[in-house]
Each structure stands twice: as C-alpha cells, then as structure tokens.
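Structural overview
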Number of protein chains: 2
Amino acid sequence: MDGVFKALSDPNRREILNLLKKKDLSVTEIQRHFKITGPSLSHHLDILKRANLVIAERRGQFIFYSLNISVFEETLKMFIKLFSK
Amino acid sequence: MDGVFKALSDPNRREILNLLKKKDLSVTEIQRHFKITGPSLSHHLDILKRANLVIAERRGQFIFYSLNISVFEETLKMFIKLFSK
DNA sequence: CTAATATTTAGACAGTTATCTAAATATCTA
DNA sequence: TAGATATTTAGATAACTGTCTAAATATTAG
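Notes on the structure follow. (Residues numbered from 1 in each chain as written. Chains lettered and ligands numbered in written order. Predicted model: local features only at pLDDT ≥ 70, side-chain atom pairs only at ≥ 80, totals over all residues. Heavy atoms only, no water.)

1. Some words on the interface of chain A and chain B
Counting from both sides, the interface comprises 21 residues of chain A and, opposite them, 21 residues of chain B. For the pair chain A and chain B, the two sides together bury roughly 2400 Å², of which 74% comes from carbon and sulfur. The three residues of chain A that bury the most area against chain B are Lys21, Phe79 and Phe83 of chain A, which together make up 28% of that side's buried surface. Where chain A touches chain B, the interface holds one residue pair in polar contact (both at pLDDT 80 or more). Listed by contribution, the elements that provide at least two residues to the side of chain A that touches chain B are α1 (2-8), α2 (11-22) and α5 (69-83) of chain A. (Contact = heavy atoms within 4.5 Å. Buried area = accessible area lost by both parts, 1.4 Å probe. Polar contact = N/O pair within 3.5 Å; in protein donor to acceptor, adjacent residues only side chain to side chain. Helix = DSSP H or I, 4+ residues; strand = E, 2+ residues; numbered from the N terminus.)

2. Concerning the protein's contact with DNA strand D
Near DNA strand D you find 24 residues, and of these Ser40, His44 and Gly60 of chain A together with Thr28 and Tyr65 of chain B are the closest. Counting only the atoms of DNA strand D within 4 Å of the protein, the fraction contributed by sugar and phosphate is 77%. Between DNA strand D and Ser42 of chain B, the relevant distance is 3.0 Å, taken from a phosphate oxygen to a side-chain nitrogen or oxygen of the residue. The contact in question runs from a phosphate oxygen of DNA strand D to an N or O atom on the backbone of Ile63 of chain B, over 3.1 Å. Among the secondary structure elements, those contributing two or more residues to the surface near DNA strand D are α2 and α4 (38-50) of chain A together with α3 (27-31), α4 (38-50) and β3 (62-67) of chain B. In terms of residue count, α4 of chain A provides more of the surface near DNA strand D than any other element does, five residues in total. (Near = heavy atom within 4 Å.)

3. Let's talk about the protein's contact with DNA strand C
By nearness alone, 25 residues border DNA strand C, and Thr28 and Tyr65 of chain A together with Ser40, His44 and Gly60 of chain B come closest of all. Backbone atoms, meaning sugar and phosphate, make up 77% of the atoms of DNA strand C lying within 4 Å of the protein. In the model, a phosphate oxygen of DNA strand C is placed 2.7 Å from a nitrogen or oxygen of the Tyr65 of chain A side chain. A distance of 2.7 Å separates a phosphate oxygen of DNA strand C from a polar side-chain atom of Ser40 of chain B. When residues of the surface near DNA strand C are traced back to their parent elements, those giving at least two are α3 (27-31), α4 and β3 (62-67) of chain A together with α2 (11-22) and α4 of chain B. It is α4 of chain B that contributes the most residues to the surface near DNA strand C, five residues altogether. Split by residue class, the surface near DNA strand C holds eight nonpolar, 12 polar and five charged. (Nonpolar A, V, L, I, M, F, W, Y, C, P; charged D, E, K, R; others polar.)

4. Considering the pairing of β3 of chain A
Residue and element names in this part refer to chain A. One ladder, built from two bridges, connects strand β1 (residues 25-26) with β3; its direction is antiparallel. Looking across to β3, one finds that Leu25 is bridged to Tyr65. Judged from the six bridges that link them, strand β2 (residues 54-59) and β3 form a sheet pairing that is antiparallel. Across the sheet, the residue bridging to Ile55 is Ser66, located in β3. Hairpin connection between β2 and β3: a loop of two residues separates the two successive antiparallel strands, and Gly60 in this loop has a positive phi of roughly 60°. (Pairing = 2+ DSSP bridges.)

See the structure below:
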C-alpha cells in the first residue's frame with residue numbers, strides 16, 4: 001500500500017485521477033491539461049499504474065487510461081483503518 | 001492538502017499514527033518502536049505536525065504527541081472526493 | 001513500405017527527503 | 001545549581017523524485 005500514498009502525494013497525479021473520473025482518456029488527451037512534457041506525464045502514469053490506481057489499455061492508435069475503482073475501495077478502507085481506533 | 005499525502009507516504013510515519021491511535025505517547029515512548037535515531041524520529045514528527053495530523057503538547061518533562069482527529073476527517077472527505085464521480 | 005502520430009525508455013540533472021552525528025535547548029532531580 | 005534525561009536544531013550525505021531532451025518502439029495512413 002506504500003505505492004498508493006506515494007502516488008497520491010504528487011499534485012499532478014491527483015489531477016490526472018481527477019480528470020479520469022469523468023471518462024477514460026488517452027495520454028494525448030491527458031497531456032492537454034498539463035504543461036509538462038510527454039515523458040514526464042508518462043512517468044506519472046507509470047507510477048499511478050504501478051500503484052494500481054489506474055488501468056492502461058490500448059485501443060488502436062491510443063492507449064487509454066481509466067480509474068481502477070476496486071483499488072480505490074481497498075485504499076479507502078485502509079485509510080479509514082489508519083485512523084479509526 | 002499536499003502535506004497530508006506527503007506525510008502519509010512514509011511507512012514510519014504511518015506506523016507512528018498507528019501507535020497514537022491507542023494513546024498519546026511521548027517521543028521516547030514512540031522511539032521504542034523504531035530503530036531510527038532520535039533526530040530522525042523528531043524529523044518525522046515535525047512533518048506529521050506540519051501536516052496537522054498530530055498535535056504536540058509538553059507535559060512536564062515530556063512532549064506528548066496525539067492524533068488530530070479533525071484533520072483526519074477533512075482528509076478522509078478529500079480522499080473520497082478524489083475518487084467519487 | 002514509408003512517413004506521421006502516440007507513447008515509452010534511457011540517461012542526465014536539480015531539488016527534495018530520510019538518515020546520521022554532533023551540538024544546542026529544555027526540564028527535572030538531587 | 002549541577003548533572004541527567006528529553007527533545008530539537010544544524011549540518012552533512014546518500015538515495016529518491018520530477019523534470020527535461022534525445023532516442024526507441026508501436027500503430028496507423030497513404
């Protein structure tokens with residue numbers, strides 16, 4: 001679970017998750033919302049992927065990213081547990 | 001809110017929060033559970049303090065740390081919002 | 001097949017973080 | 001007050017992170 005908190009500790013990555021709430025997006029589409037380069041974005045997506053917070057899936061020409069809701073639920077439970085006595 | 005996720009991204013700090021769930025503890029008492037030096041622990045406590053996740057209060061000879069529940073609630077809300085469409 | 005577009009990988013670099021030792025500050029006890 | 005205990009501050013260092021440019025890989029279109 002370490003990776004999840006690490007992944008959430010960067011504002012760009014939280015914003016990516018926020019964008020993906022509305023709908024799945026390709027890297028290029030995500031990129032429009034940021035001023036960082038492609039490789040930097042790719043790096044952030046990799047961290048989110050490894051934390052299992054997002055899922056990447058190629059659809060023809062593009063790779064679409066989407067939220068991994070099930071991991072969110074687990075993380076939420078973990079988070080609540082972290083504070084409840 | 002950036003500081004909260006950063007604070008939570010370290011396993012030692014999460015363990016400190018976990019210890020404080022049971023009861024308030026002095027630095028020396030917290031230290032018993034870790035193999036890091038005093039200054040390192042002090043550094044972690046400072047980060048938790050600045051994220052408002054804990055409160056420090058001197059009681060005579062010792063400084064006791066306790067969970068700041070209200071900030072936990074805010075953070076939990078933020079966390080849920082981060083994922084709910 | 002070649003060129004164009006989409007995305008990732010490799011390698012470098014500056015800034016941040018976790019850790020340490022040594023020293024400073026604060027409080028208590030004798 | 002002097003010495004012991006509790007905690008923090010200062011300064012150093014190695015590892016990690018976010019960013020970049022250049023190059024590699026994958027897919028589509030002509």
